[in-house]
Amino acid sequence: MRRLPLRRLVTLATLAVVGAATLGTTAACGDDSDAAGDSGPVTLRLGYFPNLTHAPAVVGVEKGIFKEKLGGDVTLETKTFNAGPAAIEAVFSGALDATYIGPNPTVNAFSKSKGEAVRVVSGAASGGVALVVKPGITSVEQLRGKKIATPQLGNTQDVALRYWLKEKGLTTTKEGGGDVKVVPQENAQTVETFGSGAIDGAWVPEPFVSRLVNAGGKVLVDERDLWPDKKFVITNLLVSTKFLKAHPDVVKKLVEGQVAANEFVNTKPDEAQQAVSAHIGKITGKPLDIKLIKQAWSTLEFTNDPIASSLKAGLDHAVAVGLTQPVDLNGLYDLKYLNEVLKAEGKPEVTQP
């Protein structure tokens, strides 16, 4: 089946992002050969967000899990982002080789490149997203005429909000019009604008859900309640196809790091929460409050399963709200290395979509 390209691509402004490490301008991405291994030093440039929904990445970097699994011949360079579209632009520009990312930007990247540029090699997390509103708002109808923030136009939470509103009979536009005014802005800014009254609510990931609740908001919609078994992908591990072809053994080591990071997060939650607090502090200048992390932790499930069915449903939602065209997702997932790692550790393998 022919894959259909996006007809309406979001124009992305250049975002200033806070790096967990400075990206080298001369780091090689590798060639296009299908080499079975690497003969010399390799640089792997990895992106992620300083969010709880990216806890496996945050913990994997902070605790040195990725560095250990990658070994001495691989130099790990990291960079952080606020939302998925900006991270995907970094992949397309050659600034990243892999990134933790949400489902909608994953689909957009696959579609924009006609199925050539990226592959999902593992899941990472499910859940951890909600619509938080002013306490006086008790029903969806009361959102009419209100301003609701999302992290970025076209990102996963932006699509989720617009689709939910559409299902409830309320309109939105990409320009901020319609029955509900959707206001894309950085998550940290959203906490400030919510407190000042400039917005009436926000559809955001943790820890910003908990921050808004602590600022006087209330959860109107827990996104888990909108999905079968309360499971939906919020974070994938995506790699550049070019890097995957050139350095398959490095990608397998990265997947080993992801599985090990998730094991750490799930078996040592207290230590993982401390690591998340410390690492976000290094990025933002202020450690994340442990009480806040614990408050949000229970809304998240850290899983290596990419929950492909929910990604497909998310694509259908994006089509429904006019942010993309239908896309053939055949070939998006390459879970070979994930299942090799899981099998070697005696864990259940993930079904290849």
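Parameters and conventions
Residues numbered from 1 in each chain as written. Predicted model: local features only at pLDDT ≥ 70, side-chain atom pairs only at ≥ 80, totals over all residues. Heavy atoms only, no water. Phe/Tyr/Trp six-rings, centres within 6.5 Å; stacked < 30°, edge-to-face > 60°. Helix = DSSP H or I, 4+ residues; strand = E, 2+ residues; numbered from the N terminus. Buried < 20%, exposed > 50% of the residue type's maximum accessible area, 1.4 Å probe, protein only. Salt bridge = Lys/Arg side-chain N within 4 Å of Asp/Glu carboxyl O. Axes fitted to C-alpha atoms, helices over the stretch in contact; angles between N-to-C directions. Parallel < 35°, antiparallel > 145°, perpendicular 65-115°, else oblique. Contact = heavy atoms within 4.5 Å. Nonpolar A, V, L, I, M, F, W, Y, C, P; charged D, E, K, R; others polar. Polar contact = N/O pair within 3.5 Å; in protein donor to acceptor, adjacent residues only side chain to side chain. pLDDT = per-residue confidence, 0-100. Pairing = 2+ DSSP bridges.

**Some words on the packing of aromatic side chains**
As enumerated under the stated definition, the model contains four aromatic pairs in all. With 6.3 Å between their ring centres and 40 degrees between their planes, Phe66 and Tyr100 make a pair best called tilted. Placement of Phe66 in helix H2 (residues 65-70) and of Tyr100 in strand E3 (residues 98-101) is noted, with a sequence separation of 34 residues between them. Across the pair, Tyr100 and Phe66 agree in class, each one buried.

**Describing the pattern of salt bridges**
Summed over all chains, the structure comprises 15 salt bridges. Of the charged contacts in the structure, one is a salt bridge between Asp97 and Arg45, with a shortest N-O distance of 2.9 Å. A residue pair is termed long-range when its members are at least 10 positions apart, and Asp97 in the loop between helix H3 (84-93) and E3 and Arg45 in strand E1 (residues 42-48) qualify at 52 residues. Judged by its relative accessible area of 0%, Asp97 is buried.

**A look at the packing of helix H1 (residues 55-62) against helix H10 (residues 269-284)**
Here H1 crosses H10 at 80 degrees, and the two axes come no closer than 9 Å. Looking at the two axes, H1 sits roughly perpendicular to H10. Every residue of H10 that contacts H1 at Ala55, Val58, Val59, Val61 and Glu62 is listed here: Ala272, Ala275, Val276, Ala278, His279 and Lys282. Grouping the constituent residues of the contact of H1 with H10 by class yields eight nonpolar, one polar and two charged.

**What about the environment of Ser126?**
If you trace the backbone, Ser126 turns up in strand E4 (residues 118-127). The class for Ser126 is buried, based on a relative accessible area of 2%. Put simply, Ser126 and Leu300 are 174 residues apart on the chain and 5.9 Å apart in space, counted from C-alpha to C-alpha. Among the polar contacts listed, one links the side chain of Ser126 to the backbone oxygen of Phe232, at a separation of 2.9 Å.

**A look at helix H4 (residues 103-112)**
Turn by turn, an α-helix covers 3.6 residues, leaving residues three or four places apart pointing in a common direction. The element H4 is largely enclosed, with a buried count of nine among its 10 residues. Along H4, the positions that sit buried rather than exposed are Pro103, Asn104, Pro105, Thr106, Val107, Asn108, Ala109, Phe110 and Ser111. Looking at the buried positions of H4, the neighbouring elements they touch are H3, E3, E4, helix H5 (156-167), strand E10 (233-240) and helix H12 (308-320). Backbone geometry just downstream of H4 places Lys114 in the positive-phi region, at approximately 55 degrees.

**Some words on the confidence of the model for the protein chain**
The predicted coordinates should not be examined in detail at positions where pLDDT is low. Per-residue pLDDT for the protein chain averages 89, and the proportion of residues at 70 or more is 89%. In the model, residues 1-38 has pLDDT below 50 throughout and makes 82 contacts with residues more than four positions away in sequence or in other chains.

**Topic: the environment of Gly281**
Turning to its location among the elements, Gly281 is positioned in helix H10. With a relative accessible area of 11%, Gly281 lands in the buried category. C-alpha separation for the pair Gly281 and Pro50, spaced 231 residues apart in sequence, amounts to 9.4 Å. Beyond its immediate stretch of four places on either side in the chain, Gly281 contacts Lys286 and Pro287.

**Re the sheet that holds strand E8 (residues 201-205)**
If you walk across this open sheet you meet the five strands as E7-E6-E8-E5-E9, and the pairing is mixed. For this open sheet the edge positions go to strand E7 (181-184) and strand E9 (218-222), each flanked by a neighbour on one side alone. With strand direction ignored, the average angle separating the axes of adjacent strands in the sheet is 25 degrees. The strands touched by H5 are strand E5 (129-133), strand E6 (147-150), E7, E8 and E9; relative to E8, the strand with the most contacts, the crossing angle is about 135 degrees.

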